[in-house]
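# Fold and geometry: a report
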Amino acid sequence: MTRPPRIRATQGANLGGAYAHNRRVVIEALRLNGALSRAELARATRLTGQTVSNIVADLAAEDLVIADAPVRIARGQPARPYRLNGGGAFALGVQIDRHVTRAVAVDLLGAERLRLEMPLPNGGPETGLPVVYGLVADIRERLAALEPGAGDRIVGLGLAMPGPFGQAPRDYDPWMMSAWQNRAIADELAAETGLAVTLQNDAAAAAAAEKLSGAAKGIDDFVYLYFGYGLGAAIFVRGEIHSGNHNNACEIGMALPWMPHGGLGEPIEHGVSLASLCRWLSLDPAMPDLFPEIDDALTSGTAGEWLDAAGARLKWVVQILETLLDPDTIVFGGAIPPSLLDALRERLQPLLPSHADRPGRELPRLTIGGSDPWMVATGAAAEPIARTFDPRFSAIQNGLVAAD
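A brief look at the structure comes next. If you're wondering where the values come from, they're calculated on a predicted model, not measured in any experiment.

## With respect to the environment of Arg392
- For Arg392, the position within the fold is in the loop between α12 (375-389) and α13 (393-403).
- The spatial distance from the C-alpha of Arg392 to the C-alpha of Ala20 is 9.7 Å, given a sequence separation of 372 residues.
- The residues touching Arg392, leaving out its near neighbours within four places in the chain, are His21, Arg24, Glu240, Glu383, Ala386 and Arg387.

Here it is as structure tokens:
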């Protein structure tokens, strides 16, 4: 018996789905522009005045927007500006790394309200998960004390860990966190906290932080190049992150370059990462004063040879990402000292020739982002905010499903 062909269709949007999307568009306009009147919102979003009025009324009823005093701009009735209420929604972010776990609470505007961290003991999830659970409980309790009612306005929890996920266990490999990466940590954390939990790799989480309130704010198509313990990247297309089928999209640090003498070299991050620099300087990546030690090495010139080699490899990475993905810009940052980010930026110039080097660019080929060890945790918290409030095609699809 011949099986009928499988039909893969894209769902259309009904009125409910369109309204959910339009809400997100209005929220984004307020996030990018600050306070706007309903007329200004209609012009910015190209929605009808009645649609904007209905959405603003709903958002005000949910305490997501605040009405400011009317302002007279020209002849006629004064216009009342509306702005996002930062305290209208909150999200939590948790980072699980090799030596530490961090938790952050952010508000609707992406502003950080609280941050906590704890050392992560050896032994993988069996010993580490109780520490993570305690950290989340602690930050929720502190957030509720800081902002009464905030506990009822937490829209989700973002979880970030180093990738890649779903690989064959390689516990012998010090670059991997196999025990964590091959366990359903997000499901366990959701069961423990009662919150919706979304898992990302650390590069994707840091990219979400830049998109919400950093160097990529207002940019829909970009690649984020993340320099941390390893080297990773994240892709934003039309305002949404492309995670791949297994949350492993753009694990550029695992790429094997072709060597001049023939054959493949070692993964690129083995020579371009914080772990690589620590190995070069004989430093323990878990040491509490790691960043000052790196600052000293940069000042003394001890890391000069490593910087030259890392910069040459990063030039190749940037050129490959531009060639494959054609982004508006590549945002470069990570969980590193500002001095190291600046030194790497210098080594990246001049960038290699690329079709991205075209006249009339509105954005530079390379945009420098933040350098902060808390970026990943902050970005993990940014993801539930983005998932709930940013314009996404999935919002239209979800509206359709809800209406059905």
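## Considering helix α10 (residues 304-325)
- Relative to the 32 Å expected for 22 residues at 1.5 Å per residue, α10 spans 31 Å between its end C-alpha atoms, a close match to the ideal helical length.
- Considered for burial, the residues of α10 that qualify are Gly304, Trp306, Leu307, Ala310, Gly311, Leu314, Lys315, Val317, Val318, Leu321 and Glu322.
- At the exit of α10 stands Asp326, carrying a positive phi of roughly 50 degrees.

## Some thoughts on the nonpolar core
- Membership of the largest hydrophobic core comes to 37 residues, with the highest contact counts inside it found for Leu225, Phe227, Leu231, Leu314, Phe332, Leu340 and Leu344.
- Elements supplying a minimum of two residues to this core: β8 (222-227), β9 (231-237), α8 (274-281), α9 (290-300), α10, β11 (329-334) and α11 (338-348).
- Counting residues per element, this core draws most heavily on α10, which supplies seven residues.

## Focus on the sheet that holds strand β10 (residues 240-242)
- Overall, mixed pairing links the five strands, which are arranged β10-β9-β8-β11-β12 in an open sheet. Edge strands, defined here as strands with exactly one partner in the open sheet, are β10 and β12 (366-371). Going across the sheet, the axis of each strand differs from the next one's by a mean of 30 degrees, ignoring polarity.
- As defined by bridge partners, β8 adjoins β11 across six bridges and the pair is classed as parallel. Looking at β11, one finds that Leu225 is bridged to Phe332.
- The sheet strands contacting helix α7 (residues 202-213) are β8, β9, β10, β11 and β12, and the helix crosses β8 at an angle near 120 degrees.

## Thoughts on the packing of α8 against α9
- Viewed as axis vectors pointing N to C, α8 and α9 meet at an angle of 65 degrees, and their least axial separation amounts to 12 Å. Classified by the angle between their axes, α8 and α9 sit roughly perpendicular to one another. Helix-helix and strand crossings are classified by hand; for α8 and α9 the assignment is left-handed. Across the interface between the two elements, Leu274, Leu277, Cys278 and Leu281 from α8 touch Leu290, Ile294 and Ala297 from α9.
- Within the contact of α8 with α9, the residues separate by chemical class into seven nonpolar, no polar and no charged.

## Here we look at the layout of surface pockets
- The volume enclosed by the largest pocket comes to roughly 550 Å³.
- Lining the largest pocket are 23 residues, and of these Val100, Arg102, Pro285, Leu290 and Pro373 lie nearest its centre.
- Listed by contribution, the elements that provide at least two residues to the lining of the largest pocket are β4 (100-107), β5 (112-119) and α9.
- Per-class residue counts for the lining of the largest pocket are 16 nonpolar, two polar and five charged.

## Describing a nonpolar patch on the surface
- On the surface, a nonpolar cluster with roughly 380 Å² of combined accessible area is contributed by Leu256, Trp258 and Leu264.
- Tracing the chain through its elements places Trp258 in the loop between β10 and α8.
- For Trp258, a relative accessible area of 63% gives the class exposed.

## Overview of the pattern of salt bridges
- Overall, the coordinates contain 18 salt bridges when judged by the stated rule.
- Arg115 is the salt-bridge partner of Glu112, the closest N and O atoms lying 2.6 Å from each other.
- Here Arg115 ties to Asp372 by a salt bridge, and the two come within 4.0 Å at their closest N and O atoms. Placement of the pair is Arg115 in strand β5 and Asp372 in the loop between β12 and α12, with a sequence separation of 257 residues.
- The exposure class of Arg115 is partly exposed, given its relative accessible area of 35%.

Each value, and the rule that gives it
- Residues numbered from 1 in each chain as written.
- Predicted model: local features only at pLDDT ≥ 70, side-chain atom pairs only at ≥ 80, totals over all residues.
- Heavy atoms only, no water.
- Helix = DSSP H or I, 4+ residues; strand = E, 2+ residues; numbered from the N terminus.
- Contact = heavy atoms within 4.5 Å.
- Expected span 1.5 Å × (residues − 1).
- Buried < 20%, exposed > 50% of the residue type's maximum accessible area, 1.4 Å probe, protein only.
- Core = buried A, V, L, I, M, F, W, Y, C linked by side-chain atoms within 4.5 Å.
- Pairing = 2+ DSSP bridges.
- Axes fitted to C-alpha atoms, helices over the stretch in contact; angles between N-to-C directions.
- Parallel < 35°, antiparallel > 145°, perpendicular 65-115°, else oblique.
- Left-handed = near helix turned anticlockwise from the far one by under 90°.
- Nonpolar A, V, L, I, M, F, W, Y, C, P; charged D, E, K, R; others polar.
- 1 Å grid on protein atoms, 1.4 Å probe; cavity = no way out; pocket = protein on both sides within 12 Å on 5 of 7 lines; lining within 4 Å.
- Points joined across faces, edges and corners; volume = space filled by probe spheres on them.
- Patch = residues over 30% accessible without salt bridge, like charges linked within 9 Å, V, L, I, M, F, W, Y side chains within 5 Å.
- Areas by Shrake-Rupley, 256 points an atom, 1.4 Å probe, with all protein chains shown as cover.
- Salt bridge = Lys/Arg side-chain N within 4 Å of Asp/Glu carboxyl O.

What is shown is where atoms sit, not what they do.
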